[in-house]
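Tertiary structure, described
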Amino acid sequence: MQFDQLDLAEPLLLAVKDKGYQQPTPIQQQVIPLILQGKDVLAGAQTGTGKTAAFVLPLLQLLYSQAMPGRPRPIRVLILVPTRELAIQVYDNIKIYAEHLPLWTETVFGGVNINSQIKRLQRGSDLLVATPGRLLDLLYQKQVSLQEVNHFVLDEADRMLDMGFIRDIHKIMAYLPKSRQNLMFSATYSREIKLLAGEILVNPIEAAVDQQNAAANTVKQKIYPIKKENKRELISWLIGDGQWRQVLIFVRTKHGADRLCKQLQNDGIRCAALHGNKSQGARNRALAAFKQNEIIALVATDIAARGLDIIELPHVVNYDLPQVAEDYVHRIGRTGRAGVKGEAISLVSAEEAHLLHAIEKLINKKILRVEDTGFESVSLELAKKPSKSSTKPKKPQINKPRKQRTKSNKPAVKRKPSSNNKRRGDKANVNRG
Ligand code: AMP
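Definitions and limits used
- Residues numbered from 1 in each chain as written.
- Predicted model: local features only at pLDDT ≥ 70, side-chain atom pairs only at ≥ 80, totals over all residues.
- Heavy atoms only, no water.
- Pairing = 2+ DSSP bridges.
- Helix = DSSP H or I, 4+ residues; strand = E, 2+ residues; numbered from the N terminus.
- Contact = heavy atoms within 4.5 Å.
- Axes fitted to C-alpha atoms, helices over the stretch in contact; angles between N-to-C directions.
- Parallel < 35°, antiparallel > 145°, perpendicular 65-115°, else oblique.
- Nonpolar A, V, L, I, M, F, W, Y, C, P; charged D, E, K, R; others polar.
- Buried < 20%, exposed > 50% of the residue type's maximum accessible area, 1.4 Å probe, protein only.
- Arc of directions from axis to C-beta.
- Salt bridge = Lys/Arg side-chain N within 4 Å of Asp/Glu carboxyl O.

Sheet architecture is open: seven strands sit in the order E10-E11-E9-E12-E13-E8-E14, paired in parallel fashion. Two strands in the sheet have a free side with no partner beyond their single neighbour: strand E10 (271–274) and strand E14 (368–369). Strands strand E8 (219–225), strand E9 (247–250), strand E12 (315–318) and strand E13 (342–348) of the sheet are contacted by helix H10 (residues 231–241), whose axis makes an angle of about 160 degrees with E13. Most of the contacts of helix H14 (residues 325–332) go to E12, to which it runs at about 155 degrees, and overall it touches E8, E9, E12 and E13.

Written out as structure tokens, the structure reads:
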């Protein structure tokens, strides 16, 4: 199928051509005609499938084909997203796709001054991309009206729920007119997502392009079973030895992100940390430096990295496995986007074996193990519970005096095997520019 078979107006076809898209992605082929018909849609599309254009293009088409309202333009399309980064990204996409159309778009999100957003909103806008918290602030201050919204999009709905936005979503929906088109996009489906879809969507059509809860098959996934204390050296070595030029590294905590980033810098790897404690300015600068290849590694927590679209990002590393299995799919979805090949490596310690098993159960696939890292490999098998038949019946203990532990019967402390691989970590000790 070609874009010109999708009933899109010439200015949109031109924008798509400018962007260099050859043909619509599968989600675009499925969803664009449904949105143009005015249907409510629940789309199970993971990141990197082209899902933003799948809703933005037809919505622009619908706005363009309606009579232009007077000025200031009322908001007719509301797109709710979970994070500032995603808001900026969707906003940037809209500007590109709407380049040849007389339509205006704005975005509002927290962490930056509200007054400049208020000023911009006063000029009027056809589309608004917003994060829930800041939008509610603006609604409470009566600085924005959603009364004319005809099309409501909930993007990355699963992440909205993970981040605890469900109450905010309900509050925002109370400001929307009853009659409207609703679109919901989610990378993963859970019971909660289906419940939310039941509340928001009316007779929705379900569209799913890939197997749910699976990563794009352009992503090569690997597991490195390794001791926790060797992870830092291994990642430095992988970057240095592989001459990686761009890697997104996920860690669990903000503190962990700062610490790893410092350590990588000590190894001569240009790096920045991205997490919720950083100011919006610092987050934007880190992201810009990463996209422009000024730094090699971006060490991020899940929330900060949500929705990042970095063209042809070659490597994603899970330095820590995520606590929630679905986050694995989101994380590795940062690479292998729009048909480009990518690699997702997870450094997994024995303590994280249960998380790995939950992930493999979710994606319904055993991920390839790479043992010859030069570092001592660890077992990622889950400890088997003893079966009932094999457990010996306990002897009843009758008034048996407890044996006192003396110095001589203390269990011997096992010595940590020393890493014989300093050599490998050292390879990254080269300042590559
Ligand atoms: P998304 O899933 O919306 O985050 O999009 C992922 C990437 O795919 C973005 O870099 C888009 O610019 C790109 N993209 C979207 N649609 C197409 C298309 N039809 N052909 C090629 N790339 C696309």
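Picking up where we left off.
Now for the packing of H14 against helix H15 (residues 353–363). As a packed pair, H14 and H15 sit with axes 8 Å apart at the nearest point and diverge in direction by 70 degrees. Relative to H15, the element H14 is oriented roughly perpendicular. Within the contact between the two elements, H14 uses Ala-325, Glu-326, Tyr-328 and Val-329 and H15 uses Ala-358, Ile-359, Leu-362 and Ile-363. When the residues that make up the contact of H14 with H15 are grouped by side-chain class, the tally is seven nonpolar, no polar and one charged.

Here we come to unusual backbone geometry. Arg-71 connects to Pro-72 through a cis peptide bond whose omega is -5 degrees. Positionally, Pro-72 belongs in the loop between helix H3 (51–65) and strand E2 (77–80). One non-glycine residue, Glu-156, lies in positive phi territory at about 50 degrees. Relative to the elements of secondary structure, Glu-156 occurs in the loop between strand E5 (151–154) and helix H7 (157–162). Residue classification places Glu-156 among the buried positions, given a relative accessible area of 2%. Although it is not a glycine, Gln-243 adopts a positive phi angle of roughly 50 degrees. By the secondary structure assignment, Gln-243 is in the loop between H10 and E9. For Gln-243, a relative accessible area of 61% translates into the label exposed.

All right, on to H15 then. For H15, the full list of buried residues reads Ala-353, Leu-355, Leu-356, Ile-359, Glu-360 and Ile-363. All buried residues of H15 project into a common sector of 155 degrees when viewed along the axis, lining one side. Taken together, the buried residues of H15 touch E8, H14, E13 and E14. Asn-364 occupies a position one or two residues after H15 and carries a positive phi of about 60 degrees.

Applying the stated rule across the entire model yields 15 salt bridges. Across the pair Lys-227 and Glu-376 runs a salt bridge, and its minimum N-O distance is 3.5 Å. Taken together, the residues Lys-227 in the loop between E8 and H10 and Glu-376 in the loop between E14 and helix H16 (422–427) connect sequence positions 149 residues apart. Taking the relative accessible area as the measure of exposure, Lys-227 reaches 16% and is therefore buried. With relative accessibility at 38%, the residue Glu-376 sits in the partly exposed group. Note that Arg-232 is salt-bridged to Asp-267, the shortest N-O span being 2.5 Å. You can see Arg-232 sitting in helix H10 and its partner Asp-267 sitting in the loop between helix H11 (254–266) and E10, a full 35 residues away along the chain.

Turning next to the pairing of strand E4 (residues 127–130). The alternating pattern of E4 places Leu-127 and Val-129 and Leu-128 and Ala-130 on opposite faces, both of which are buried. With four bridges connecting them, E2 and E4 associate as parallel partners. Each residue of the ladder has a partner; that of Leu-78, found in E4, is Leu-128. Sheet topology note: the strand E3 (residues 105–108)/E4 ladder contains four bridges and is parallel. Note that in E4 the partner of Glu-106 across the bridge is Leu-128.

Spatial ordering of the open sheet is given by E3-E4-E2-E5-E6-E1-E7, a layout of seven strands whose pairing is parallel. Of all the strands in the sheet, just E3 and strand E7 (205–208) have a single pairing partner and so form its edges. For this sheet the average axis-to-axis angle between neighbouring strands, irrespective of direction, equals 15 degrees. Of the strands in this sheet, E2, E4, E5 and strand E6 (181–185) are in contact with H3, which crosses E6 at around 165 degrees.

Bringing the pairing of E8 into the picture now. In terms of residue burial, E8 counts as a mostly covered element, since six of its seven residues are buried. In the sheet, E8 pairs with E14 via two bridges, with the strands oriented parallel. Residue Lys-222 lies in a different strand from E14, and its bridge partner there is Leu-368.

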